[in-house]
Amino acid sequence: MSEQTTTQNPVHARPGTDPAGANDHRVHREALRAGPGQLQVDVVVPVYNEEADLESHVYALDAFLASQFPAGGPTYRLTIADNASTDNTALLAAGLAARLPSVRHVRLEEKGRGRALRQVWLESDAPILAYMDLDLSTGLDAFPALIAPLVSGHSDVAIGSRLAHGAHTERGPKREFISRCYNLLLRGSLGAGFSDAQCGFKAVRADVAKLLLPLVKDNGWFFDTEMLVLAEQAGLRVSEVAVDWVDDAGSTVRIGNTIKEDLKGVWRISTGLLAGRIPLGQLRAELGRDAPATTGGGGLWSHLVRFGAGGVRSTLACLLLFRLLRGQV
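The structure presented is a predicted model; accordingly, all values stated were derived computationally and were not measured.

So, about the overall build of the protein chain. From N to C terminus, the protein chain includes ten helices and ten strands. For the protein chain, buried positions account for 51% of its 329 residues. Look at the contacts in the protein chain between residues 6 or more apart in sequence, and 82% of them connect residues 24 or more apart. When the accessible area of the protein chain is evaluated, it comes to approximately 14,700 Å², of which 56% is carbon and sulfur surface.

Right under this line is the structure:
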């Protein structure tokens, strides 16, 4: 586990669960509904060298969340997860945590968005865990719809999608094409049922996260994809909400390197599932879930055929991606 320091304001403890169901991770709806003054959701914002926008965007996000959690009802927490920033981000984040009652700051000494999310989520005491990117590219109006299926007990994981029906996005044609190719690759090689793996707008039930996240090995940008694929393979229900999204012109993410690491991750997960190295059966048993229809029946040969056919389509998609990314790295 990464070395860390935390600047934190007091928050109410996580609401208790039904003792009779302590060993049943199919949590009842009532267990996810926080009462007055109780912490309901922990929104994590992973940051790296964001001194220019940190204060203004955190103030905006905190004000929005305060409007969604009025006094007398359940509360929220906004966690700034600083993964090894080298500028003044840590100092500014500590100041924000000191001034804003619902904001805390966690400092990690190693880089990696996935590493930051895994650690902060696993240590959180909130029943619902969410995250969003600091650039606020995703319209915040979709947040209530993101966490609603988790609060009601309808779903285990919820994601924002820029490709779902009703979504509105503003980004260049190259990024749009790369995103669609990547999601096509996931459908072909891993049988993914979700439409948008990388939108920085997600939430998960804490009881599910504590069992699922230890199986997620990636510490970078592939973390989201790996979590979603394993969630589906474990029989968890993933809900999607269409979002409004505007491309951040100042983004420092290197598309070429990110996609190459994602492709390596796809190969690792594909071979891991095929070889049975990922203990999904144990996870399903702990969660009380059945195997999804896409993974059941047919034995090893059916898996080989499906992954082989998907691999052909994925290879073509990869060639297109690499052609687009030439010269970007």
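Burial analysis of strand 2 (residues 39–47) places nine of its nine residues in the buried class, which makes it a mostly covered element. Chirality of the crossover, the property in question, places the unit of strand 2, helix 1 (residues 54–68) and strand 3 (residues 75–83) among those that are right-handed. Bridge analysis of strand 2 against strand 5 (residues 128–132) gives four bridges, and the strand direction is parallel. In the sheet register, Val 41 faces strand 5, and the bridge partner there is Ile 128.

Turning our eyes to something else, we now look at the pairing of strand 6 (residues 157–161). Strand 6 sits mainly inside the fold: five of its five residues count as buried. Here strand 6 shows two buried faces, one formed by Val 157, Ile 159 and Ser 161 and the other by Ala 158 and Gly 160. Two elements, strand 6 and strand 8 (residues 201–205), share three bridges in a ladder whose sense is antiparallel. Within strand 8, the position partnered with Val 157 by the bridge is Val 204.

Backbone geometry at Ala 84 places phi at a positive 65°, although glycine is not the residue there. Relative to the assigned elements, Ala 84 resides in the loop between strand 3 and helix 2 (89–99). Its identity as a non-glycine residue notwithstanding, Leu 136 has a phi of 55°, on the positive side. Note that Leu 136 resides in the loop between strand 5 and helix 4 (143–152).

Glancing now at the nonpolar core. Within the largest apolar cluster, 49 residues are counted, with the highest numbers of intra-cluster contacts made by Trp 121, Leu 186, Phe 194, Met 227 and Leu 283. With six residues, helix 7 (residues 223–233) is the single largest residue contributor to this core. Among all residues touching Phe 194, those that are not within four sequence positions of it are Ile 159, Leu 186, Arg 187, Thr 225, Leu 228, Val 229, Glu 232 and Glu 240. Core analysis: the second largest hydrophobic core is formed by 36 residues, Val 47, Ala 97, Ile 128 and Ala 142 among them.

With that settled, consider helix 4. Those residues of helix 4 not exposed but buried are Phe 143, Leu 146, Ile 147, Pro 149, Leu 150 and Val 151. In this structure, the buried side of helix 4 is in contact with strand 2, helix 1, strand 5, strand 6, strand 8 and strand 9 (238–242). Just downstream of helix 4 lies Gly 153, where phi reads positive at about 90°.

Relative to the helices and strands, Arg 118 resides in helix 3 (residues 113–123). No salt bridge is formed by the buried Arg 118. Its closest oppositely charged neighbour is Glu 226, at 6.2 Å. Within the structure, Arg 118 has its side chain in polar contact with the backbone oxygen of Val 216 (distance 2.8 Å). Here Arg 118 is in contact with Leu 213, Val 216, Lys 217, Asp 218, Asn 219 and Phe 223, once residues within four sequence places are set aside.

Further remarks concern the environment of Val 157. Within the secondary structure, Val 157 is located in strand 6. A relative accessible area of 1% means that Val 157 is categorised as buried. For the pair formed by Val 157 and Ala 203, sequence separation is 46 residues and the distance between their alpha carbons is 5.9 Å. Those residues in contact with Val 157, other than ones at most four positions away along the chain, are Leu 150, Ala 203, Val 204, Leu 228, Ala 231, Arg 237, Val 238 and Ser 239.

This part is about the pattern of salt bridges. As enumerated under the stated definition, the model contains 16 salt bridges in all. Ionic pairing is found between Asp 42 and Arg 77, a salt bridge with its closest N-O pair at 2.8 Å. Here Arg 77 lies in strand 3 and Asp 42 lies in strand 2, a separation of 35 residues in the sequence. A single burial state applies to Asp 42 and to Arg 77, both of which are buried.

This next bit is on the environment of Asp 248. If you trace the backbone, Asp 248 turns up in the loop between strand 10 (244–246) and helix 8 (255–275). With 78 residues separating them along the chain, Asp 248 and Glu 170 place their C-alpha atoms 9.4 Å apart. The residues touching Asp 248, leaving out its near neighbours within four places in the chain, are Asp 135 and Ser 137.

Inspection of the entire model under this criterion finds four aromatic pairs. Judged by centre distance (5.6 Å) and plane angle (40°), the rings of Phe 69 and Tyr 76 are tilted. Looking at Phe 69, the relative accessible area reads 11%, which means it is buried. The exposure class of Tyr 76 is buried, given its relative accessible area of 8%. Three or more aromatic residues joined by ring pairs make a cluster, and in this case those are Trp 121, Tyr 131 and Phe 223. Directly above the aromatic system of Tyr 48 lies the positively charged group of Lys 111, at a separation of 4.3 Å from the ring centroid.

Conventions adopted
- Residues numbered from 1 in each chain as written.
- Predicted model: local features only at pLDDT ≥ 70, side-chain atom pairs only at ≥ 80, totals over all residues.
- Heavy atoms only, no water.
- Helix = DSSP H or I, 4+ residues; strand = E, 2+ residues; numbered from the N terminus.
- Buried < 20%, exposed > 50% of the residue type's maximum accessible area, 1.4 Å probe, protein only.
- Contact = heavy atoms within 4.5 Å.
- Areas by Shrake-Rupley, 256 points an atom, 1.4 Å probe, with all protein chains shown as cover.
- Right-handed = clockwise from strand over helix to strand, strands pointing away.
- Pairing = 2+ DSSP bridges.
- Core = buried A, V, L, I, M, F, W, Y, C linked by side-chain atoms within 4.5 Å.
- Lys, Arg positive; Asp, Glu negative; His and termini not counted.
- Salt bridge = Lys/Arg side-chain N within 4 Å of Asp/Glu carboxyl O.
- Polar contact = N/O pair within 3.5 Å; in protein donor to acceptor, adjacent residues only side chain to side chain.
- Phe/Tyr/Trp six-rings, centres within 6.5 Å; stacked < 30°, edge-to-face > 60°.
- Lys NZ or Arg CZ within 6 Å of the ring centre and 35° of its normal.

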